[in-house]
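# Working through the structure, step by step
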Amino acid sequence: MKTVTLNDGNTMPVFGLGTWKSPKGEVSKAVAEALKVGYTHVDAAWIYQNEQEVGEGISEAMKAGVIARESLFVTSKLWNSFHQPEAVEKGCQESLNALGLDYLDLYLMHWPIAFKPEKSQHNQPEDFYSLGELPLSKTFEAMVQLREKGLVKSVGVSNFSRSKIEKVIAETGVVPAVNQVEMHPYNPQNELLDYCREKGIQVTAYSPLGSGDRPASMKAKDEPPLLENEDVIAIARKENLSPAQLLIAWAIDRGTIAIPKSTNAERIAENLAAAEHSLSAEARTALDNISIRYRYVSVSSWYFPGVTYEGEDFWS
Ligand code: A2P
């Protein structure tokens, strides 16, 4: 498996198994299967509510001698309720305990959003700490301390725009190792990718297949399904790949890290094969030229100008 070197010297495989939306009853089997067929990287998060099952899959594979801890790369993410600096270690420890691990390879701040943990719902401005009250840099500094304590090897962010990354770097002096964001041909985020590249931040592409299995409540009525895009289907056919494989090969070809989710053994293997494919220049250009723009993951109930973001747009 091809790897990239992070700005802290650690290495990270460019392809891994996503576990968002993977049902508890299926995910341990999927993780064990993935590690058995050659995956070396699993992407998890506290909020996916399945870290214990992900951990069971990892443990099963390790017990079977399929993979050793030092050859495995595990990511988890700090949930929004743990942004207070004194809560950060607890958030991390809960993920470690659930996963059954004593360190994470990568720990990401899941969103640039700080929930007040005592609130059960987060849909009014007062349910959040504003960026002024609890700056992202304070949370990030506490995450850096986890690295110093040996609980995590690398620290990064997720769903961060350029301006939010710039602020964190200016206020902490630490450049996040990774920014994990939604990325696929409908949301290529070329400018953000260029900026991260310039800064030595690796970018992980989540929802690389368009996350068609999101719950109905997260879907817009007329959203365009990426895997059914006619160009994607036609280019894939020419390249001798399935549409999903094409999207994975494209993500890796443009220098990002892809973490497609699957709980199906055949598709788990199919996706891994795509990570080894060399994409033709024609296919790359054809996908780059897709002009439809769509973001599948919207968190509009968290959009409160002056509270959860500054400026005009949550993403800018
Ligand atoms: P399944 O888990 O049944 O395989 P994303 O990674 O963008 O969130 O997309 C995940 C969705 O894509 C899931 O519905 C998953 O279904 C599906 N999927 C994963 N791999 C493939 C594949 N090779 N072909 C078609 N669909 C896939």
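What counts, and at which threshold
Residues numbered from 1 in each chain as written. Predicted model: local features only at pLDDT ≥ 70, side-chain atom pairs only at ≥ 80, totals over all residues. Heavy atoms only, no water. Helix = DSSP H or I, 4+ residues; strand = E, 2+ residues; numbered from the N terminus. Rg over C-alpha atoms; globule rule 2.2 N^0.38 Å. Buried < 20%, exposed > 50% of the residue type's maximum accessible area, 1.4 Å probe, protein only. Phe/Tyr/Trp six-rings, centres within 6.5 Å; stacked < 30°, edge-to-face > 60°. Core = buried A, V, L, I, M, F, W, Y, C linked by side-chain atoms within 4.5 Å. Contact = heavy atoms within 4.5 Å.

## A look at the overall build of the protein chain
Per the secondary structure count, the protein chain includes 10 helices and 12 strands. At 19 Å, the protein chain has a C-alpha radius of gyration in line with the 20 Å of a compact globule built from 316 residues. The C-alpha extent of the protein chain, read off along each of the three principal axes, is 55 × 45 × 35 Å. For the protein chain, with 316 residues in total, the buried portion stands at 56%.

## With respect to the packing of aromatic side chains
For the structure shown, the criterion picks out 16 aromatic pairs. Geometrically, the ring pair formed by Trp 46 and Phe 82 is edge-to-face, given 5.2 Å between the ring centres and 80° between the ring planes. Within this pair, whereas Trp 46 is found in the loop between β4 (41-43) and α2 (51-63), its partner Phe 82 is found in the loop between β5 (73-78) and α3 (85-99), the two being separated by 36 residues in sequence. Consider the rings of Tyr 303 and Tyr 309, whose centres lie 6.2 Å apart with planes at 80°: the pair is edge-to-face. On the accessibility criterion, Tyr 309 (8% relative accessible area) is buried. Here a set of aromatic residues connected by ring pairs shows up, and it is made of Trp 79, Trp 111, Phe 115, Phe 128, Trp 302, Tyr 303, Phe 304, Tyr 309, Phe 314 and Trp 315.

## Quick notes on the nonpolar core
Membership of the largest hydrophobic core comes to 102 residues, with the highest contact counts inside it found for Leu 35, Trp 111, Phe 140 and Leu 246. Broken down by element, this core gets its largest block of residues, 8 residues, from helix α8 (residues 243-253). Beyond its immediate stretch of four places on either side in the chain, Leu 35 contacts Val 42, Gly 57, Ile 58, Ala 61, Val 66, Ile 67 and Leu 72.

In short, shape yes, function no, at least from these values alone.
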